[in-house]
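As a plain string of letters, each chain reads:
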Amino acid sequence: MTKIPLRSARWFEPDDLRAFGHRSRIMQMGYAKEDWAGKPVIAILNTWSDINPCHAHFRDRVEQVKRGVLQAGGFPIELPALSLAEPFVKPSTMLYRNMLAMEVEELLRSHPVDGVVLMGGCDKTTPGLLMGAISMDLPAIYLPAGPMLRGNLRGEVLGSGSDSWKYWDDRRAGKIDDREWQSVEAGIARSYGHCMTMGTASTMTATTEALGMTLSGASSIPAADSNHIRMSAACGRRIVEMVKEDLKPSDILNRASFENAIAVAMAMGCSTNAIIHLIAEARRAGHDIGLDDFDIASRKVPVIANIRPSGDHYLMEDFYYAGGLPALMGQMKDLLELSARTVSGKTLGEDIDGAEVWNDDVIRPLENPLYKEGALAVLRGNLAPDGCVIKPSACAKKFLVHEGPALVFDSYAQMKDRIDDPDLEVSENTILVMRGAGPLGGPGMPEWGMLPIPQKLLKQGVRDMLRISDARMSGTSYGACILHVAPESHIGGPLALVKTGDRIAVDVPERKISLLVSDEELALRRAGLVEPRPHYQRGYGWMFARHISQANEGCDFDFLETGFGANPDEPAIL
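Now for a quick tour of the structure.

So, how was this worked out
Residues numbered from 1 in each chain as written. Predicted model: local features only at pLDDT ≥ 70, side-chain atom pairs only at ≥ 80, totals over all residues. Heavy atoms only, no water. Helix = DSSP H or I, 4+ residues; strand = E, 2+ residues; numbered from the N terminus. Rg over C-alpha atoms; globule rule 2.2 N^0.38 Å. Buried < 20%, exposed > 50% of the residue type's maximum accessible area, 1.4 Å probe, protein only. Areas by Shrake-Rupley, 256 points an atom, 1.4 Å probe, with all protein chains shown as cover. Lys, Arg positive; Asp, Glu negative; His and termini not counted. Charge placed at Lys NZ, Arg CZ, Asp CG, Glu CD. Axes fitted to C-alpha atoms, helices over the stretch in contact; angles between N-to-C directions. Parallel < 35°, antiparallel > 145°, perpendicular 65-115°, else oblique. Contact = heavy atoms within 4.5 Å. Nonpolar A, V, L, I, M, F, W, Y, C, P; charged D, E, K, R; others polar. Expected span 1.5 Å × (residues − 1). Disulfide = S-S within 2.5 Å. Left-handed = near helix turned anticlockwise from the far one by under 90°. Salt bridge = Lys/Arg side-chain N within 4 Å of Asp/Glu carboxyl O. Polar contact = N/O pair within 3.5 Å; in protein donor to acceptor, adjacent residues only side chain to side chain. Core = buried A, V, L, I, M, F, W, Y, C linked by side-chain atoms within 4.5 Å. Patch = residues over 30% accessible without salt bridge, like charges linked within 9 Å, V, L, I, M, F, W, Y side chains within 5 Å. Phe/Tyr/Trp six-rings, centres within 6.5 Å; stacked < 30°, edge-to-face > 60°. Lys NZ or Arg CZ within 6 Å of the ring centre and 35° of its normal.

### Considering the overall build of the protein chain
Here's step 1: Each helix and strand in the protein chain was counted, giving 21 helices and 14 strands.
Here's step 2: By the compact-globule yardstick of 25 Å for 574 residues, the protein chain fits well, its C-alpha radius of gyration being 24 Å.
Here's step 3: The 574 residues of the protein chain split such that 59% are buried.
Here's step 4: Of the roughly 22500 Å² of accessible surface on the protein chain, 50% is carried by carbon and sulfur atoms.
Here's step 5: Treating the 61 positive side-chain charges of the protein chain as one cloud and the 75 negative ones as another, the clouds have centres 3 Å apart.

This is the structure:
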């Protein structure tokens with residue numbers, strides 16, 4: 001194998017004053033020449049923080065990564081990165097995904113590193129880390145945080161998010177008391193790790209494995225399992241070898257890789273957020289993936305992972321015991337491009353060869369799917385000219401073809417103020433519409449799209465109804481929620497024109513959504529629109545508002561996409 005020149009050598013090897021400064025300062029920290037000289041310098045980008053429960057174990061796991069790097073003859077350096085704790089960051093972590101991507105790219109560009117281990121897992125950390133690493137294009141491997149253990153309520157299994165919504169509705173309907181609600185609160189999250197339902201975190205780590213950017217099977221290992229410790233060390237060993245092989249994201253990620261990731265997402269019963277993030281990742285890699293690619297996959301790939309919320313019982317811990325992602329991909333290998341490369345240095349086909357399913361109710365065969373089409377469907381029509389998304393695998397089937405009157409809310413705050421009014425004029429056939437929650441309107445496109453069922457209907461036993469918004473929703477959510485309406489209402493998308501009482505027709509099998517109002521009337525309403533006040537007058541939010549793309553384009557900044565311009569040269573060291 002030809003020896004690859006180390007990028008870090010530019011900082012350490014020259015016989016000049018600047019390199020003297022680099023060497024003396026690294027010796028200041030107690031290192032000797034034997035620690036770094038001639039060795040690959042491996043950055044470990046750690047998104048641990050005191051307020052991110054999904055990554056609470058990363059303070060320990062980073063030491064295992066370092067152990068692996070040292071075992072393989074590398075020199076590890078830990079670099080902290082934006083943590084993006086999904087439960088706590090407001091108004092939405094989506095507002096800051098691109099900030100993390102920018103930080104990753106510039107951390108790698110500006111430091112003396114030859115390769116990188118990306119430590120993430122909580123929803124937006126996965127795409128943020130990947131997007132930055134793709135743009136920088138140094139050898140990179142992703143270390144997923146892993147799902148938390150199953151929740152527990154007096155012997156009953158609880159699932160992240162999904163049971164939060166369920167028991168919250170029961171409380172609002174008067175079916176449970178405060179004591180039981182507090183028991184749910186104490187039992188639903190029992191360990192470190194990300195949500196153990198098929199939410200956005202599990203979806204994005206699985207698609208990252210399907211892309212070829214993790215070790216085989218890594219995304220399925222529960223965070224608290226000792227195998228996760230061993231996997232962390234293995235990531236450290238493997239990245240050193242990747243540097244020696246000069247195996248970069250650009251060598252791994254082609255269009256087939258992203259088509260594999262989309263197919264796996266559909267088979268997993270994925271989060272709707274997969275669409276936004278995979279489009280953004282693909283465009284960073286120079287591949288024009290769009291909504292149609294997801295809908296094509298949805299038509300041919302069934303849901304075979306019986307995991308909540310698309311499934312009705314099992315969680316990610318069960319999925320791991322059943323064989324994990326390699327077993328699922330083995331079940332659907334005829335739908336994948338097995339020649340795609342992975343960080344292992346092998347092909348996807350080689351990585352999953354011999355993988356077995358240990359519970360075929362958790363990981364179904366293709367001929368016995370949970371849902372005969374993929375998890376998501378893309379709808380278009382005069383209400384969403386650039387598309388919108390629904391998760392038919394997780395909603396009441398009677399709403400897949402539906403027509404009803406709209407009940408419109410101009411904001412989440414307005415909806416929250418009115419939704420439990422006993423005099424609210426609403427029925428099960430009403431279509432709840434909320435606007436002002438897109439990338440610009442939110443701001444940051446918060447996960448508000450699973451609008452709560454009005455309290456008066458909950459008390460009648462209603463647990464699902466059609467809801468439409470330009471928001472996102474948590475991947476742990478469920479129900480007949482139409483999301484990501486594009487263009488969003490904040491920039492004058494048709495959602496801004498809907499009035500309470502307008503009839504809306506939805507036909508998921510035909511992929512149609514229609515506002516049943518004449519073009520003439522809509523033109524009159526458009527003429528009366530008032531431009532909304534901007535959320536930000538300065539700072540990051542001001543920049544965000546001027547450069548963010550719409551949901552159907554991945555919500556990336558225009559100046560960060562590969563097509564915007566060439567990457568800068570390596571930094572001058574003078």
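The discussion continues.
### A short note on the packing of helix H12 (residues 255–268) against helix H13 (residues 273–284)
Describing two packed helices takes the angle between their axes plus the distance from one axis to the other.
Here's step 1: Viewed as axis vectors pointing N to C, H12 and H13 meet at an angle of 170 degrees, and their least axial separation amounts to 11 Å. It follows that H12 is roughly antiparallel to H13 by the angle criterion. Note on element contacts: H13 touches H12 through Leu278, Glu281 and Ala282, opposite Phe258, Ala261 and Ile262.
Here's step 2: Across the contact of H12 with H13, the residue classes tally to five nonpolar, no polar and one charged.

### Quick word on helix H2 (residues 17–28)
Residue pairs spaced three or four apart in an α-helix point in one direction, given the helix's 3.6 residues per turn.
Here's step 1: With twelve residues, H2 extends 16 Å from end C-alpha to end C-alpha; this agrees with the ideal 16 Å at 1.5 Å per step.
Here's step 2: Just downstream of H2, Gly30 is the residue with a positive phi angle, here 100 degrees.

### Re the state of the cysteines
Here's step 1: On inspection of all chains with the given rule, the structure shows zero disulfides.
Here's step 2: Of the cysteine sulfurs around Cys54, a residue in no disulfide, the closest is that of Cys122, at 3.5 Å.
Here's step 3: What makes Cys54 buried here is its relative accessible area of 7%.
Here's step 4: No disulfide involves Cys270; its nearest neighbouring cysteine sulfur is the one of Cys395, lying 14 Å away.
Here's step 5: For Cys270, a relative accessible area of 1% puts it in the buried group.

### Considering unusual backbone geometry
For residues besides glycine, phi is generally negative; the peptide bonds are generally trans as well.
Here's step 1: For the peptide bond that leads from Arg308 to Pro309, omega is 10 degrees, which places it in the cis range.
Here's step 2: Among the secondary structure elements, Pro309 is positioned in the loop between helix H14 (291–300) and helix H15 (316–321).
Here's step 3: Here the residue pair Ala486 and Pro487 is connected by a cis peptide bond, since its omega of 0 degrees sits within 30 degrees of zero.
Here's step 4: By the secondary structure assignment, Pro487 is in the loop between strand S12 (481–482) and strand S13 (503–507).
Here's step 5: Even without glycine at this site, Met445 takes up a positive phi of about 50 degrees.
Here's step 6: In this fold, Met445 is placed in the loop between strand S10 (431–434) and helix H19 (455–458).

### Digging into the environment of Pro222
Here's step 1: By the element assignment, Pro222 lies in the loop between helix H9 (200–211) and helix H10 (226–245).
Here's step 2: Through-space distance from the C-alpha of Pro222 to that of Thr2 is 38 Å; in sequence the pair is 220 residues apart.
Here's step 3: When neighbours within four sequence positions are excluded, Pro222 is seen to be in contact with Pro147, His228, Glu317 and Tyr320.

### Structural notes on the environment of Thr208
Here's step 1: Here Thr208 lies in helix H9.
Here's step 2: We classify Thr208 as buried; its relative accessible area is 0%.
Here's step 3: Counting along the chain gives 107 residues from Thr208 to Leu315, while the straight-line C-alpha distance between them is 19 Å.

### Here's the deal with the packing of helix H5 (residues 97–110) against helix H6 (residues 125–136)
Here's step 1: Across the interface, H5 lies against H6 with an axial gap of 7 Å and an inter-helix angle of 40 degrees. Taken as axis vectors, H5 and H6 run oblique relative to one another. In the crossing of H5 with H6, the sense of the turn from one axis to the other is right-handed. Facing Arg97, Asn98, Leu100, Ala101, Val104, Glu105, Leu108 and Arg109 of H5, the residues of H6 in contact are Thr125, Pro127, Gly128, Leu129, Met131, Gly132, Ala133, Ser135 and Met136.
Here's step 2: Among the residues forming the contact of H5 with H6, the class breakdown is nine nonpolar, five polar and three charged.

### Some details on the pattern of salt bridges
Here's step 1: As enumerated under the stated definition, the model contains 38 salt bridges in all.
Here's step 2: Two residues, Arg154 and Glu180, come together in a salt bridge whose shortest N-O distance is 3.3 Å. Linking Arg154 in the loop between strand S5 (151–153) and strand S6 (156–158) with Glu180 in helix H8 (residues 178–187), this pair joins segments that are 26 residues apart in sequence.
Here's step 3: Taking the relative accessible area as the measure of exposure, Arg154 reaches 60% and is therefore exposed.

### Some words on H10
Here's step 1: Its 20 residues give H10 an end-to-end C-alpha distance of 29 Å, which sits within 8% of 28 Å, the value for a rise of 1.5 Å per residue.
Here's step 2: Looking only at H10, the buried set comprises His228, Met231, Ser232, Ala233, Ala234, Cys235, Gly236, Arg238, Ile239, Val240, Met242 and Val243.
Here's step 3: Close packing links the buried residues of H10 with strand S1 (41–46), helix H4 (58–71), strand S3 (115–120) and strand S4 (140–144).
Here's step 4: Measuring from the side-chain oxygen of the N-cap residue of H10 to the backbone nitrogen of Asn227 gives 2.8 Å; that N-cap residue is Asp225.
Here's step 5: Where H10 ends, the next residue or the one after it, Asp246, has phi of about 55 degrees, a positive value.

### Overview of the nonpolar core
Here's step 1: If you look at the biggest cluster of nonpolar residues, it comprises 152 residues, and the most contacted ones within it are Leu328 and Ile504.
Here's step 2: Filtering out sequence-adjacent residues up to four positions away, Leu328 remains in contact with Val264, Ala267, Met268, Ile304, Ala305, Phe319 and Ile363.
Here's step 3: Counting residues in hydrophobic clusters, the runner-up holds twelve residues, among them Met94, Ile548, Ala551 and Leu560.

### Side note on a negative patch on the surface
Here's step 1: Taken together, the side chains of Asp417, Asp421, Asp423 and Glu425 make up a negatively charged region of the molecular surface.
Here's step 2: With respect to the helices, strands and loops of the structure, Asp423 is situated in the loop between helix H18 (412–418) and S10.

### Structural notes on the packing of aromatic side chains
Here's step 1: What the rule picks out here adds up to ten aromatic pairs.
Here's step 2: Where Phe12 meets Trp36, the ring centres are 5.9 Å apart and the plane angle is 40 degrees; that geometry is what we call tilted. Of this pair, Phe12 sits in helix H1 (residues 9–12) while Trp36 sits in helix H3 (residues 33–36); the two residues are 24 residues apart in sequence, bridging distant segments of the chain. Each of the two residues, Phe12 as well as Trp36, counts as buried.
Here's step 3: An aromatic cluster is defined as three or more aromatic residues linked by ring pairs; in this entry it consists of Tyr96, Tyr540, Phe544, Phe557 and Phe559.
Here's step 4: The side chain of Arg10 reaches across the aromatic face of Trp11, ending 5.6 Å from its centre.
Here's step 5: One residue, Lys166, lies across the ring of Tyr167, its end atom 4.0 Å from the ring centre.

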